[in-house]
Amino acid sequence: MTTIHRLLDEAFAGIEPTPDAQDLKEEMRANLEARVAELEADGVSPDAAARRAIGELGDIRELLGELPDAPRRSPWDPPAGVRIRPKPAFVVRVTVAATVAAAALATFALGALGVIPLPLGATIGLLALGASAIGWTVGDALHQETTTNHPMPQARAGGFYAATSLVIFALGFGALIALGPAPLWTVVFPSIALVLGIALFAFLGATQTNRHKSWALRHSEQYTQQEDRFSQDPAAAARFGIYTLVIIVVAVVAFIVLGFTTGWAWAWLALVAGFLVMMIVLARMLFPPTH
Amino acid sequence: MVQDSDAFAADLLRGHTDTIVLGVLRRGESYGFEIYKTIRDATGGAHEIKEATLYATYRRLEKDGLVESFWGDETQGGRRKYYRITDAGRAVYARNVAAWAATRDIIDSLLIERH
């Protein structure tokens with residue numbers, strides 16, 4: 001087995017170790033191992049097997065060369081001329097979810113405003129149902145393959161479902177407290193939901209990898225210049241995510257503390273202040289001062 | 001003559017490498033050597049599509065978004081790069097198979113004598 005590693009190194013000698021070339025080399029390594037094992041099982045000596053397996057690879061430089069682009073009608077046409085249409089099942093699911101969301105949230109609003117008498121538990125239940133349905137449309141949409149994007153893995157799409165549902169639930173619950181039906185101390189629940197939701201969004205955003213199909217990525221590089229700082233410097237974007245999380249947590253904690261100490265009439269100013277600080281940080285980080 | 005007909009068949013096969021690979025991946029995700037072996041076994045070992053050709057095909061298919069790749073988590077030996085067909089790949093596959101069926105009928109009617 002040692003020989004194929006040496007022969008592979010020789011085959012790649014003099015080739016610039018770009019990520020692309022390294023990728024191809026590692027892919028070939030596992031395949032070569034399998035091919036050598038097969039040849040050895042047929043009774044070929046290990047040395048000869050390794051040599052033959054490498055010999056079958058052909059010219060690596062040729063493989064790494066630029067792939068010719070087929071002529072296209074417009075830069076955004078997919079290479080094979082394939083547009084992915086939404087799956088019928090997906091359309092049905094999203095329509096159902098949207099209907100459920102609209103019905104649940106409308107009834108919730110009427111209940112919260114006291115237009116129709118609903119027990120508090122039922123009102124909160126409707127809110128949870130509506131929030132969950134909206135989260136579902138978001139998660140399900142991200143899980144679909146589109147013409148330019150690969151589908152998001154199920155677990156990650158589930159994360160977006162949870163984060164969206166939590167934030168909407170928190171907002172709705174906040175309205176319920178503001179309008180009166182829910183007692184003030186219950187502000188703990190939406191606060192926890194909001195922090196969890198935002199933390200989840202921050203985590204998902206910071207760990208997000210590219211989902212564009214590579215032809216789409218190539219075209220977007222070709223046709224747009226990446227000028228804003230977050231595209232040029234992903235570390236800055238990650239830093240901004242962490243700052244945002246800290247600002248929001250501090251604002252929510254200040255909101256709760258102020259609410260219980262000085263009263264709820266002015267406590268919301270803490271959230272406004274948090275938002276303002278976040279926007280200033282965003283502006284400073286996106287467009288750093290040039291000296 | 002045997003060698004000539006061999007070369008002719010190999011040429012025909014090579015011309016459809018993309019569709020053949022998509023066809024293999026349609027049955028489930030797979031990695032380089034396994035795809036290579038599936039094709040070789042399907043031809044009864046008589047013909048094979050060269051591995052170099054296959055690597056070029058994977059790269060082209062991935063670039064066009066017809067397949068996506070991911071690394072396996074093998075603990076022993078090298079990690080395998082797996083390929084999975086996308087919906088775009090399935091659509092292209094279906095289109096190519098339909099085109100092949102139509103072309104095959106035309107060539108059959110032109111080349112094969114009927115009595």
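Here is what the cut-offs are and how they apply
Residues numbered from 1 in each chain as written. Chains lettered and ligands numbered in written order. Predicted model: local features only at pLDDT ≥ 70, side-chain atom pairs only at ≥ 80, totals over all residues. Contact = placed C-beta atoms within 7 Å. Helix = DSSP H or I, 4+ residues; strand = E, 2+ residues; numbered from the N terminus. Nonpolar A, V, L, I, M, F, W, Y, C, P; charged D, E, K, R; others polar. Pairing = 2+ DSSP bridges. pLDDT = per-residue confidence, 0-100. Core = buried A, V, L, I, M, F, W, Y, C linked by C-beta atoms within 7 Å. Buried ≥ 20, exposed ≤ 12 C-beta atoms within 10 Å, placed from the backbone.

Participant: Is there a simple way to explain the interface of chain A and chain B in this structure?
Facilitator: One frequently used descriptor of interface size is the decrease in accessible area upon assembly of the parts. Facing the 25 residues of chain A at the interface are 26 residues of chain B. Of all the elements, helix α2 (residues 19-41) of chain A adds the most residues to the side of chain A that touches chain B, at nine residues. In terms of residue class, the side of chain A that touches chain B is built from twelve nonpolar, four polar and nine charged.

Participant: Would you mind showing me how to read the sheet that holds strand β3 (residues 81-85) of chain B here?
Facilitator: Each strand in a sheet pairs with another by means of backbone hydrogen bonds, the pair being arranged parallel or else antiparallel. Residues and elements named next belong to chain B. The antiparallel open sheet is built from three strands, whose spatial order is β1-β3-β2. Here the strands that pair on one side only, and so sit at the sheet edges, are β1 (30-31) and β2 (67-71). Inspection of the sheet shows β1 paired to β3 by two bridges, in the antiparallel sense. Across the sheet, the residue bridging to S30 is Y83, located in β3.

Participant: It is not clear to me how the confidence of the model for chain B should be interpreted in this structure. Could you clarify?
Facilitator: Atom-level detail of predicted coordinates should not be read off regions where pLDDT is low. Of all residues in chain B, 93% attain a pLDDT of 70 or more, and the chain-wide mean is 86. What the predictor reports for the complex is a pTM of 0.61 with an ipTM of 0.80.

Participant: When you look at the nonpolar core in this model, what are you seeing that I'm missing?
Facilitator: Nonpolar side chains in soluble globular proteins tend to be buried together. Core analysis: the largest hydrophobic core is formed by 35 residues, its most contacted members being A:I4, A:L32, A:A53, A:I54, B:V21, B:L22 and B:L54. Among the secondary structure elements, those contributing two or more residues to this core are α1 (2-12), α2 and α3 (46-55) of chain A together with α2 (17-26), α3 (32-42), α4 (51-63), β3 and α5 (87-111) of chain B. No other element matches α2(A), which puts six residues into this core. Excluding anything up to four places from it in sequence, A:L32 contacts A:I4, A:L8, A:A53 and A:I54.

Participant: It is not clear to me how the environment of A:P181 should be interpreted in this structure. Could you clarify?
Facilitator: Residue and element names in this part refer to chain A. Here P181 shows up in the loop between α7 (154-179) and α8 (188-206). For P181, a count of 18 C-beta atoms within 10 Å gives the class partly exposed. Each C-alpha atom, one on P181 and one on L113, is 8.3 Å from the other, the two residues being 68 residues apart in sequence. Each residue touching P181, except ones within four places of it in the same chain, is listed here: A112, L120, T123 and L176.

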